[in-house]
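The lines below spell out each chain.
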Amino acid sequence: MHKLNKSQLKVGKIIEPKGFPSGHIVTVEKCSLESFIDGKKKKRWPCWTVRTGAPRPLHKYLIVDLGKDGIILWKKSKLKFAPKGAKLWVERSGLEEMENITGSGPKSYIYSMLVYILDPKSKSPSKFYCIERLRNDRIFRYEGFLIG
C-alpha cells in the first residue's frame with residue numbers, strides 16, 4: 001500500500017491512499033488511551049477523519065498516527081467479531097478518549113476499544129480489526145491497514 005506522509009494530513013487537504021477513494025480531511029482529533037495493562041494514560045496520538053463522495057461504507061474513513069507503530073487507515077467493517085487467529089493488541093486496547101480539536105461534530109467521545117492484529121505471524125503486522133463501544137452502547141467496527 002502507498003505510504004502516506006504526515007505533512008499531508010491537514011483539514012481541507014484532499015488525499016487518496018492507494019486502494020481507497022479520494023477524500024478531504026474534515027476533522028482532527030486528539031486521542032489518549034488508558035491501557036487495559038495498567039490503567040495509565042500512556043498512549044496519545046492524532047486521528048484525522050476523511051470524507052469521500054463514495055457510497056457507504058467508504059463514505060468516511062479514519063487515519064491514525066500511532067507513532068512508532070505506524071499510520072493506520074481504518075474503514076468500517078462488516079465483521080461482527082475479530083476473525084479466528086487474530087491476536088489482541090493489548091497495548092492499543094483500553095479506554096480511549098477522542099477529542100475533536102478542529103472541524104464540526106461532537107467535541108469528545110469516551111469509549112472502550114479492543115484492537116486485534118489480523119496477521120500476527122508477520123514480522124511487521126499490517127492488518128488490524130477494532131471494535132469500539134461508546135458509553136451510549138453504540139458500537140463501531142473497523143478494519144485497519146498500515147499505510148505509513
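Overview of the structure. (Residues numbered from 1 in each chain as written. Predicted model: local features only at pLDDT ≥ 70, side-chain atom pairs only at ≥ 80, totals over all residues. Heavy atoms only, no water.)

What follows covers the pattern of salt bridges. Summed over the entire model, instances satisfying the criterion amount to five salt bridges. A salt bridge links D38 to K42; the shortest N-O distance between them is 3.4 Å. For the salt bridge of K68 with D69, the shortest nitrogen-to-oxygen distance reads 3.4 Å. For K68, a relative accessible area of 76% translates into the label exposed. Take D69: its relative accessible area is 22%, and that puts it in the partly exposed class. (Salt bridge = Lys/Arg side-chain N within 4 Å of Asp/Glu carboxyl O. Buried < 20%, exposed > 50% of the residue type's maximum accessible area, 1.4 Å probe, protein only.)

Here the focus is empty space enclosed by the protein. Within the structure shown, the criterion is met by one cavity of 30 Å³ or more. In this structure, the largest cavity occupies an estimated 30 Å³ of space. Taken together, K60, Y61, L62, W74, K75, K76 and Y142 form the lining of the largest cavity. Residues belonging to the lining of the largest cavity are distributed by class as follows: four nonpolar, no polar and three charged. (1 Å grid on protein atoms, 1.4 Å probe; cavity = no way out; pocket = protein on both sides within 12 Å on 5 of 7 lines; lining within 4 Å. Points joined across faces, edges and corners; volume = space filled by probe spheres on them. Nonpolar A, V, L, I, M, F, W, Y, C, P; charged D, E, K, R; others polar.)

A few words on the pairing of strand β5 (residues 71-76). One ladder, built from four bridges, connects strand β4 (residues 60-65) with β5; its direction is antiparallel. Across the sheet, residue I63 finds its bridge partner in β5, namely L73. The turn linking β4 back onto β5 is made up of five residues, and G67 within it adopts a positive phi angle of 60°. As judged from the five bridges shared by β5 and strand β10 (residues 139-146), these two strands associate in the antiparallel manner. Residue K76 lies in a different strand from β10, and its bridge partner there is Y142. (Pairing = 2+ DSSP bridges. Helix = DSSP H or I, 4+ residues; strand = E, 2+ residues; numbered from the N terminus.)

Take the packing of aromatic side chains next. Tallying each qualifying case throughout the model produces six aromatic pairs. Geometrically, the ring pair formed by Y116 and Y129 is tilted, given 6.3 Å between the ring centres and 45° between the ring planes. Of this pair, Y116 sits in strand β8 (residues 108-117) while Y129 sits in strand β9 (residues 127-134), and the two are 13 residues apart along the sequence. Each member of the pair, Y116 as well as Y129, carries the same accessibility label: buried. Among the aromatic residues, those joined into a cluster by ring pairs are F20, Y61 and F145. (Phe/Tyr/Trp six-rings, centres within 6.5 Å; stacked < 30°, edge-to-face > 60°.)

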